[in-house]
Amino acid sequence: MSENVLVTGAAGFVGKFLSEALLEKGYPVIGVDNLNDYYDVQLKKDRLKDLEAYDNFTFLEFDISEKEKVDQVFEEYEPRIVMNMAAQAGVRYSIEHPEVYMQSNIMGFYNILEACRHHPVDHLLYASSSSVYGSNKKVPFEETDFVDNPVSLYAATKKSNELMAHTYSHLYDIPATGLRFFTVYGPMGRPDMAYFKFADMYFNDEAIHIYNDGDFDNDMYRDFTYVDDIVEGILGLVDHPPVETEESAAHTVFNLGNNQPVKLMEFITSLEKALSQSLDREVEFEKIYEPIQPGDVPATYASTEKLQEAIGYKPDTSVAEGLQNFADWYVDYYDVK
């Protein structure tokens, strides 16, 4: 295949596995990442190492908020498919460091849109988030639901991305697809995610902090989605760019979720079992219960009907299987006993 694919955030969690899947399919991939220190940079470098084993991978280190460099990549490599996975992630971090989210998620995405405007592409796919649903009570969340009440700045930036993409699609005929990810997890995942932090705390002989007030009857639940399922969903959508009609621009959004939400305590028990299996000894976390944090939502639950109708695909990796893969990787990667 000769069509270049640009993947921003290529050293990130989803970006790494997405790039790898594209490389396996023979696409030349131009990977961009700023390798910031929001979490362990070595993990990002190790993800990159896997990608650099491919002859059809090119890596460029810079921040997508640097407009001239974004334009330069589009001029030099002329990507036909653009996958914007670069973003400052994390709900709680957005409360403490709002400026980073404006730089990366708003200005960075604006630069990508402007580049797509001046260097037309076949399809722009970009990472949105289940956080756009805020504290919606109706479940499962459907793409047509009202999403104008974000409860964190991170969520507000993701909703803004959807609005920006829609506007650019309408004005400049850019086929664009927003991907609302639901709690992605798996090997080589993000160390700021709860499951990863729980493992870290256990091996550091620390108690884990659970932000559900110890209310098991009304426990938070999440639609945990395994990274391979996310990637398969994205790849299925690559060749299905939205088409402009009289009623709408060539822009759409899809939920990429497991459609099987799990209570937080059930997820924690599954992680204990997975680590027990990996270590061949019983693992039980010491637990401290805390109040729900600002910006957290009580539930996420994806309707995946729209995705199924579009590409005939529904994520199906069980939490037990996904966490076992994570636990096996963690024990090996960190060489824990």
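Before any of the text, the structure's been laid out above.
For clarity, every value in this text was computed on a predicted model and none was experimentally measured.

### Let's talk about the overall build of the protein chain
Helix and strand content of the protein chain: 11 helices and 13 strands. Computed over the C-alpha atoms, the radius of gyration of the protein chain is 19 Å, within 12% of the 20 Å expected from 2.2 N^0.38 for a compact globule of 337 residues. Along the three orthogonal principal directions, the C-alpha set of the protein chain runs to about 55 × 45 × 40 Å. When the 337 residues of the protein chain are sorted by exposure, 56% land in the buried category. Long-range pairs, those at least 24 residues apart, make up 82% of the contacts in the protein chain with a sequence separation of at least 6. Carbon together with sulfur atoms contributes 47% to the accessible area of the protein chain, which is approximately 14800 Å² in total. Taken together, the 26 basic and 59 acidic charged side chains of the protein chain have centroids lying 2 Å from each other.

### Details of the nonpolar core
In terms of nonpolar packing, the biggest core is built from 72 residues, with Leu22, Met83, Met85, Phe181, Tyr195, Ile234 and Phe285 touching the most fellow members. The greatest single-element share of this core, amounting to 8 residues, is contributed by helix α9 (residues 264-279). Among all residues touching methionine 83, those that are not within four sequence positions of it are Val5, Leu6, Val7, Thr8, Leu18, Leu22, Leu125, Ile234 and Val238. Judged by nonpolar contacts, the second largest core, of 25 residues, contains Ala86, Ile112, Tyr126 and Ala165.

### What to know about unusual backbone geometry
Trans peptide bonds make up the majority, and among non-glycine residues the majority have a negative phi. Geometrically, the link from valine 139 to proline 140 is a cis peptide bond, its omega value of -5° lying close to zero. Topologically, proline 140 is positioned in the loop between β5 (123-129) and α6 (153-172). Positive phi outside glycine occurs at aspartate 335, with the angle close to 50°. Within the secondary structure, aspartate 335 is located in the segment after α11 (319-333). Aspartate 335 gets classed as exposed once you look at its relative accessible area, which sits at 52%.

### Topic: the pattern of salt bridges
On inspection of all chains with the given rule, the structure shows 13 salt bridges. Of the charged contacts in the structure, one is a salt bridge between lysine 49 and aspartate 46, with a shortest N-O distance of 3.5 Å. With a gap of 3 residues between them, lysine 49 and aspartate 46 both fall in helix α2 (residues 41-51), about one helical turn apart. Among the ionic pairs, glutamate 162 bridges to arginine 180, the shortest N-O distance being 2.7 Å. Pair noted here: glutamate 162 is in helix α6 and arginine 180 is in strand β6 (residues 176-181), with a separation of 18 residues, a long-range link. The two residues glutamate 162 and arginine 180 agree in class, both being buried. A single salt-bridge network, built from bridges that share partners, covers Lys16, Glu20 and Asp50.

### Focus on empty space enclosed by the protein
Here the structure, examined in full by the defined rule, presents 1 cavity of 30 Å³ or more. Estimates place the volume of the largest cavity at around 40 Å³. Around the largest cavity sit Ile64, Asn84, Ala86, Ala87, Ser104, Asn105, Phe109, Ala127, Lys158 and Asn161, which together line it. Of all the secondary-structure elements, those providing two or more residues to the lining of the largest cavity are α5 (98-118) and α6. Considering every element that reaches the lining of the largest cavity, the biggest residue donor is α5, with 3 residues. Partitioned by chemical class, the residues of the lining of the largest cavity number 5 nonpolar, 4 polar and 1 charged.

### Topic: the packing of aromatic side chains
Under the criterion given, the structure shown has 32 aromatic pairs. Their ring planes at 65° and their centres at 5.6 Å tell us that tyrosine 185 and tyrosine 226 sit as a pair that is edge-to-face. Here tyrosine 226 lies in strand β10 (residues 225-226) and tyrosine 185 lies in strand β7 (residues 184-185), a separation of 41 residues in the sequence. Among the residues examined, tyrosine 185 registers a relative accessible area of 0% and is labelled buried. Pairing tyrosine 202 with phenylalanine 203 gives two aromatic rings, centres 5.0 Å apart and planes at 80°, and the pair type is edge-to-face.

### Side note on the environment of methionine 265
Take methionine 265: it is sitting in helix α9. For the pair formed by methionine 265 and valine 82, sequence separation is 183 residues and the distance between their alpha carbons is 38 Å.

### Here we look at helix α8 (residues 227-238)
Look at α8: 17 Å from first C-alpha to last across 12 residues, which is about the 16 Å you get at 1.5 Å a residue. Buried residues dominate α8, accounting for 9 of its 12 residues. The set of residues buried in α8 consists of Val227, Asp229, Ile230, Val231, Gly233, Ile234, Leu235, Leu237 and Val238.

### Looking at the packing of helix α1 (residues 13-24) against α8
Closest axis-to-axis distance for the α1/α8 pair is 10 Å, and the angle between their directions is 55°. The orientation of α1 relative to α8 falls into the category oblique. Both α1 and α8 take part in a crossing whose hand is right-handed. Residues Phe13, Val14, Phe17, Leu18, Ala21 and Leu22 of α1 lie in contact with α8, whose contacting residues are Val227, Asp228, Ile230, Val231, Ile234 and Leu235. In the contact of α1 with α8, the residues fall into 11 nonpolar, no polar and 1 charged.

Definitions and cut-offs
- Residues numbered from 1 in each chain as written.
- Predicted model: local features only at pLDDT ≥ 70, side-chain atom pairs only at ≥ 80, totals over all residues.
- Heavy atoms only, no water.
- Helix = DSSP H or I, 4+ residues; strand = E, 2+ residues; numbered from the N terminus.
- Rg over C-alpha atoms; globule rule 2.2 N^0.38 Å.
- Buried < 20%, exposed > 50% of the residue type's maximum accessible area, 1.4 Å probe, protein only.
- Contact = heavy atoms within 4.5 Å.
- Areas by Shrake-Rupley, 256 points an atom, 1.4 Å probe, with all protein chains shown as cover.
- Lys, Arg positive; Asp, Glu negative; His and termini not counted.
- Charge placed at Lys NZ, Arg CZ, Asp CG, Glu CD.
- Core = buried A, V, L, I, M, F, W, Y, C linked by side-chain atoms within 4.5 Å.
- Salt bridge = Lys/Arg side-chain N within 4 Å of Asp/Glu carboxyl O.
- 1 Å grid on protein atoms, 1.4 Å probe; cavity = no way out; pocket = protein on both sides within 12 Å on 5 of 7 lines; lining within 4 Å.
- Points joined across faces, edges and corners; volume = space filled by probe spheres on them.
- Nonpolar A, V, L, I, M, F, W, Y, C, P; charged D, E, K, R; others polar.
- Phe/Tyr/Trp six-rings, centres within 6.5 Å; stacked < 30°, edge-to-face > 60°.
- Expected span 1.5 Å × (residues − 1).
- Axes fitted to C-alpha atoms, helices over the stretch in contact; angles between N-to-C directions.
- Parallel < 35°, antiparallel > 145°, perpendicular 65-115°, else oblique.
- Left-handed = near helix turned anticlockwise from the far one by under 90°.

From the geometry alone we can't say anything about function, so treat these as descriptive.
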